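Okay, here's what each chain looks like letter by letter:
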Amino acid sequence: MELVVALFLLSLSLPMLLNLVPGGRMAQRSGENLQAAAAYAEGWLEAARESPPTTDGVDRRQRVVLNGVPYVAEREATLVAPGLQDVVVTMTPAGRGKPFRLATRMKRNVRP
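Residues numbered from 1 in each chain as written. Predicted model: local features only at pLDDT ≥ 70, side-chain atom pairs only at ≥ 80, totals over all residues. Heavy atoms only, no water.

Time to look at the sheet that holds strand β1 (residues 57–66). In space, the four strands of this open sheet follow the order β1-β2-β3-β4, with antiparallel pairing throughout. Single-partner strands in this sheet number two, and they are β1 and β4 (100–107). The sheet shows a mean angle of 20° between the axes of neighbouring strands, taken without regard to direction. As paired strands, strand β3 (residues 84–93) and β4 are joined by eight bridges and run antiparallel to one another. If you follow Gln 85 over to β4, its bridge partner there is Met 106. (Pairing = 2+ DSSP bridges. Helix = DSSP H or I, 4+ residues; strand = E, 2+ residues; numbered from the N terminus. Axes fitted to C-alpha atoms, helices over the stretch in contact; angles between N-to-C directions.)

Take a look at the structure:
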């Protein structure tokens, strides 16, 4: 009887344990993709610091493939106050992924 109960418990827990391995790999791959996209977006923010100020709106849009995942990257600038400009980089993955944004506020000599 104990053997039947042990086999029953093993049959319930074994699929759950085996499912952890692919789930962990998928989470790791997703994290790597997010880190690569965040590093790319941060590069765009740094480039915005070094470039001359732009007018409001999307000033740069590009399709890029990072770790085999296609993204649409957009950089948008918004004048908040005289001398202050918000710069937002949006990375939108193709498919089912959720877009994410990196933003910063810069002191700029921007005229409205």
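Let's pick the thread back up.
The next thing to look at is the pattern of salt bridges. Counted by the stated rule, this structure contains four salt bridges. Salt-bridge contacts for Arg 75 lead to Asp 59; the nearest nitrogen and oxygen are separated by 3.2 Å. Here Arg 75, found in strand β2 (residues 69–81), pairs with Asp 59, found in strand β1; they are 16 residues apart in sequence, far enough to count as distant. A salt bridge links Arg 61 to Glu 74; the nearest nitrogen and oxygen atoms lie 2.6 Å apart. Of this pair, Arg 61 sits in strand β1 while Glu 74 is found in strand β2, placing the two residues 13 residues apart along the sequence. Look at Glu 74 and you get partly exposed, because its relative accessible area is 24%. (Salt bridge = Lys/Arg side-chain N within 4 Å of Asp/Glu carboxyl O. Buried < 20%, exposed > 50% of the residue type's maximum accessible area, 1.4 Å probe, protein only.)

Further remarks concern the environment of Glu 46. With respect to the secondary-structure elements, Glu 46 resides in helix α1 (residues 2–50). Note on Glu 46: relative accessible area 37%, which makes it partly exposed. Placed 58 residues apart in sequence, Glu 46 and Thr 104 show a C-alpha to C-alpha distance of 9.9 Å.

Quick look at the packing of aromatic side chains now. Considering all chains together, one arrives at one aromatic pair under this definition. For the pair Tyr 40 and Trp 44, a centre-to-centre distance of 5.8 Å together with 45° between the ring planes defines the contact as tilted. With Tyr 40 and Trp 44 both in helix α1, this residue pair falls four residues apart, about one helical turn. The class of Trp 44 is buried, set by a relative accessible area of 4%. (Phe/Tyr/Trp six-rings, centres within 6.5 Å; stacked < 30°, edge-to-face > 60°.)

All right, on to the nonpolar core then. Ala 37, Val 64, Leu 66, Tyr 71, Val 87, Val 89 and Met 91 are the most contacted members of the largest nonpolar core, which has 15 residues in total. Residue assignment for this core shows that the elements contributing at least two residues are α1, β1, β2, β3 and β4. Broken down by element, the residue count for this core peaks at five residues, all from α1. When sequence neighbours within four positions are dropped, the list of residues in contact with Ala 37 reads Leu 66, Tyr 71, Met 91 and Phe 100. (Core = buried A, V, L, I, M, F, W, Y, C linked by side-chain atoms within 4.5 Å. Contact = heavy atoms within 4.5 Å.)

Read these as geometric descriptors, not functional statements.
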